[in-house]
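# Working through the structure, step by step
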Amino acid sequence: MTNRGALQAKIGQRIKAASIDLVLLENGLDPATEYCPTKEENRRSIELAQAELLFLLCTNPKSVKELDYQITQHEIDQLLKLRGIILAKWGVDDGSDDDGPRITSVSDLW
């Protein structure tokens, strides 16, 4: 099984081959080479590429229907949670912790 095939199997969604190849190359893997799950670096790169594809799924609609125009979204909260678990496993910050100021009440503005 190639790296491309392994990542496609792990993601379990229909994603363009170009998107899969891009995230594999960005994570230092050749899409056409043999997947080697016994090497930790290979597993790490595949799972980090999987996390990137999960984020890609969050930003794209699940389906679009043209008559009566309907867009169906993925369950974004669940996908982001899964992405966070994968990134935490490898010690990578997912960038979602924003310690900046937050508006908690707007009642004093009117």
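Residues numbered from 1 in each chain as written. Predicted model: local features only at pLDDT ≥ 70, side-chain atom pairs only at ≥ 80, totals over all residues. Heavy atoms only, no water.

Time to look at the environment of Val-92. Among the structural elements, Val-92 can be located in the segment after α4 (76-89). The spacing of Val-92 and Leu-48 is 44 residues in sequence and 8.8 Å in space, taken between C-alpha atoms. When sequence neighbours within four positions are dropped, the list of residues in contact with Val-92 reads Arg-44, Leu-48 and Leu-87. (Helix = DSSP H or I, 4+ residues; strand = E, 2+ residues; numbered from the N terminus. Contact = heavy atoms within 4.5 Å.)

Time to look at the packing of helix α3 (residues 40-59) against α4. Viewed as axis vectors pointing N to C, α3 and α4 meet at an angle of 160°, and their least axial separation amounts to 9 Å. In terms of axis orientation, α3 runs roughly antiparallel to α4. Two packed elements cross with a definite hand, and for α3 against α4 that hand is left-handed. Of the residues in α4, those in contact with Glu-47, Leu-48, Gln-50, Ala-51, Leu-54, Phe-55, Leu-57 and Cys-58 of α3 are Ile-76, Leu-79, Leu-80, Leu-82, Arg-83, Ile-86, Leu-87 and Lys-89. A breakdown of the residues in the contact of α3 with α4 according to their chemical character gives 12 nonpolar, 1 polar and 3 charged. (Axes fitted to C-alpha atoms, helices over the stretch in contact; angles between N-to-C directions. Parallel < 35°, antiparallel > 145°, perpendicular 65-115°, else oblique. Left-handed = near helix turned anticlockwise from the far one by under 90°. Nonpolar A, V, L, I, M, F, W, Y, C, P; charged D, E, K, R; others polar.)

Now for the side chain of Asn-42. Looking at where Asn-42 falls in the secondary structure, it is placed in helix α3. Separated by 3.1 Å, the side chain of Asn-42 and the backbone nitrogen of Cys-36 make a polar contact. When near neighbours in sequence (up to four residues on either side) are disregarded, Asn-42 contacts Asn-3, Leu-29, Tyr-35, Cys-36 and Pro-37. (Polar contact = N/O pair within 3.5 Å; in protein donor to acceptor, adjacent residues only side chain to side chain.)

A separate point is the pattern of salt bridges. Overall, the coordinates contain 3 salt bridges when judged by the stated rule. Taking the shortest distance from any N to any O, the salt bridge between Asp-21 and Arg-4 comes out at 2.7 Å. Here Asp-21, found in helix α2 (residues 17-26), pairs with Arg-4, found in helix α1 (residues 3-11); they are 17 residues apart in sequence, far enough to count as distant. The partner of Glu-47 in a salt bridge is Lys-89, and the shortest N-O contact between them spans 3.1 Å. Taken as a pair, Glu-47 in helix α3 and Lys-89 in helix α4 lie far apart in primary sequence, 42 residues in all. On the basis of relative accessibility, which here comes to 10%, the residue Glu-47 falls in the buried class. (Salt bridge = Lys/Arg side-chain N within 4 Å of Asp/Glu carboxyl O. Buried < 20%, exposed > 50% of the residue type's maximum accessible area, 1.4 Å probe, protein only.)

The analysis is restricted to geometry; functional conclusions fall outside its scope.
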